[in-house]
Amino acid sequence: MKRIEAGSYYSYLPEGCKLCRRGSKLVLFITGMCKNSCFYCPVSRQKFGKDVVFANEREVKSKEDFIEEIEAMSAEGVAITGGEPMLRLNRLIEFVKLSKALDLHVHIYTSIPVKRKLLEKIKVDEIRFHPPELKGVEKYADSIKDAKKIGMDAGFEIPAFSYEEKIVTIVNKFDAFLNVNQLEATEANWLALEKRGFQIRDYYVETDEIVKLYERANKFHYCTARFKDSAQFRRRLIRIAMNLPDFYLVTRDGTVLCTRIEGDLEKAEKILRMKGLEYQRFEDCIEASPEIAEGKLKEVLKAEGLKLALVERYPTVNRTIIELMWI
Ligand code: SF4
């Protein structure tokens, strides 16, 4: 087994995971609609059962929104998830076509054992089956066989909450992969996990003995909850931050530092332009170099009645503020 960041390891890493590890996979939440109700479902209650589309944090109302997010993070691939993507088939095929036209690697998660005819329609590079609560696993054998036959990489992706021997039998029979995810506790499934006696530490559940059993799969990958934060998410943030204007200071965690200016933004823009300084204007503020917070210009702007703060935030579309200090 090859050990990677945050306790994850593998004997086989699907292409989709390689790109995810680089932080270059855009997560396309294609619908919150789903006919299942897995006790461990991590999907937020804001999204579950709702027919909404998100590209990472960005709500998608048009193809342009999707393309903007691809460019913002210099994406190399798309991971299509939900809810159940197959419940919005036309939309799915549309976004797969668009992603392939942009030369992106596409992998999809589904709980439906789709057959060859449909597999040929969706044409993704990689398909990951998730039998809800690991029931009816044998139904997916033909789907995996068909997917491999038409040139897709295929396998199971499951949470590590119980051991199902048939999963190992099927993947080894068809040279398919097995991705096992550490069980993650979210606001959506916390109570259900506790009710079933799972010991939640921080925001995940240790089930090493179960994971060990799944190592019998020839093509095996274990992905920890911490990996998703410290490797995948952090690297995605850094990719987005590096695409922002140079005046933002990028931290090693992928957050950015800047000076936030509030008040009469027209007046602020005039002063910054006179000084030849770069800035970004948003509806609620202007962001400019964090150096302004230390320099004389700070006093000039404040004398004009403007409010200034030093801000650390995520570089993502919703600009989530991590820390803010008025100056
Ligand atoms: S199939 Fe996926 S989205 Fe649907 S309930 Fe189960 S975990 Fe949630």
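Conventions we followed
- Residues numbered from 1 in each chain as written.
- Predicted model: local features only at pLDDT ≥ 70, side-chain atom pairs only at ≥ 80, totals over all residues.
- Heavy atoms only, no water.
- Near = heavy atom within 4 Å.
- Nonpolar A, V, L, I, M, F, W, Y, C, P; charged D, E, K, R; others polar.
- Pairing = 2+ DSSP bridges.
- Helix = DSSP H or I, 4+ residues; strand = E, 2+ residues; numbered from the N terminus.
- Buried < 20%, exposed > 50% of the residue type's maximum accessible area, 1.4 Å probe, protein only.
- Arc of directions from axis to C-beta.
- Contact = heavy atoms within 4.5 Å.
- Domains from an automatic or database assignment.
- Buried area = accessible area lost by both parts, 1.4 Å probe.
- Salt bridge = Lys/Arg side-chain N within 4 Å of Asp/Glu carboxyl O.
- Polar contact = N/O pair within 3.5 Å; in protein donor to acceptor, adjacent residues only side chain to side chain.
- Axes fitted to C-alpha atoms, helices over the stretch in contact; angles between N-to-C directions.
- 1 Å grid on protein atoms, 1.4 Å probe; cavity = no way out; pocket = protein on both sides within 12 Å on 5 of 7 lines; lining within 4 Å.
- Points joined across faces, edges and corners; volume = space filled by probe spheres on them.

I tried to follow the site of the ligand on my own but got confused; where do I start?
As a matter of local geometry, the ligand sits amid Cys34, Asn36, Ser37, Cys38, Cys41, Phe48, Gly83 and His130. Of the residues in the shell around the ligand, the class split is four nonpolar, four polar and no charged.

How do you make sense of the sheet that holds strand S12 (residues 200–201) when you look at a structure like this?
Spatial ordering of the open sheet is given by S11-S13-S12, a layout of three strands whose pairing is antiparallel. The open sheet has two edge strands with one neighbour each: strand S11 (183–184) and S12. Pairing between S12 and strand S13 (residues 204–205): two bridges, direction antiparallel. Of the residues in S13, the one forming a bridge with Ile200 is Val205.

Which parts of the structure should I look at to understand helix H10 (residues 265–274)?
Residues spaced three or four apart along an α-helix face the same direction, because each turn holds 3.6 residues. Turning to H10, its buried residues number three or more, namely Leu265, Ala268, Glu269, Ile271 and Leu272. Down the axis of H10, the smallest arc covering the buried residues is 165 degrees, so these residues share one side. Among the exposed residues of H10, those pointing more than 90 degrees away from its buried face are Glu266, Lys270, Arg273 and Met274. Elements that come into contact with the buried residues of H10 comprise strand S16 (256–262), strand S17 (279–281), strand S18 (286–288) and helix H11 (297–303). Positive backbone phi, approximately 70 degrees, marks Gly276, located one or two places after H10.

Where do I start with the domain arrangement of the chain in this structure?
How big an interface is tends to be stated in terms of accessible area lost as the parts join. Split into domains, the chain comes out as domain 1 (2–240) and domain 2 (247–326). Inter-centroid distance (C-alpha atoms) of domain 1 to domain 2 is 38 Å. Domain 1 puts nine residues into the contact, and the matching count from domain 2 is eight residues. Of the roughly 750 Å² buried at the junction of domain 1 and domain 2 (both faces included), carbon and sulfur atoms supply 71%. When residues of domain 1 are sorted by the area they lose upon contact with domain 2, Glu57, Arg234 and Leu237 head the list and together hold 56% of the total. Remark: the boundary between domain 1 and domain 2 carries zero salt bridges. The interface formed by domain 1 and domain 2 contains one residue pair in polar contact (both at pLDDT 80 or more). In the side of domain 1 that touches domain 2, the residues fall into four nonpolar, no polar and five charged.

I tried to follow the sheet that holds strand S7 (residues 105–110) on my own but got confused; where do I start?
The pairing of strands in a sheet comes from backbone hydrogen bonds and takes either a parallel or an antiparallel form. The mixed open sheet is built from eleven strands, whose spatial order is S1-S2-S14-S10-S9-S8-S7-S6-S3-S4-S5. Among the strands making up the open sheet, the edge pair consists of strand S1 (2–3) and strand S5 (58–59). Note that S7 and strand S8 (residues 126–129) share four bridges and pair parallel. Opposite Tyr109, over in S8, you have Arg128 as the bridge partner. Lying over the sheet, helix H5 (residues 141–149) contacts S8 and strand S9 (153–159), oriented at roughly 140 degrees with respect to S9. Sheet contacts for helix H6 (residues 165–173): S9 and strand S10 (177–181); angle to S9, the most-contacted strand, approximately 165 degrees.

What's the story with the layout of surface pockets in this structure? I'm lost.
To locate leftover empty space, one rolls a probe as large as a water molecule over the atoms. Volume-wise, the second largest pocket comes out at about 230 Å³. Sorting elements by how many residues they give to the lining of the second largest pocket places helix H2 (residues 63–72) first, with three residues. Tallied by class, the residues present in the lining of the second largest pocket amount to six nonpolar, three polar and five charged. When residues of the lining of the second largest pocket are assigned to domains, at least three fall in each of domain 1 (2–240) and domain 2 (247–326).

What am I meant to see in unusual backbone geometry here?
For residues other than glycine, phi is negative in most cases, and the peptide bonds are mostly trans. With an omega of 15 degrees, the peptide bond between Gly82 and Gly83 qualifies as cis. Within the secondary structure layout, Gly83 lies in the loop between strand S6 (77–82) and helix H3 (89–101). We note that Asn56 has phi near 55 degrees; this positive angle belongs to a residue other than glycine. Its location among the elements puts Asn56 in the loop between strand S4 (54–55) and S5. By relative accessible area, which is 10% here, Asn56 ends up buried. Phi is positive for Lys123, close to 50 degrees, though the residue is something other than glycine. Within the fold, Lys123 resides in the loop between helix H4 (116–122) and S8.

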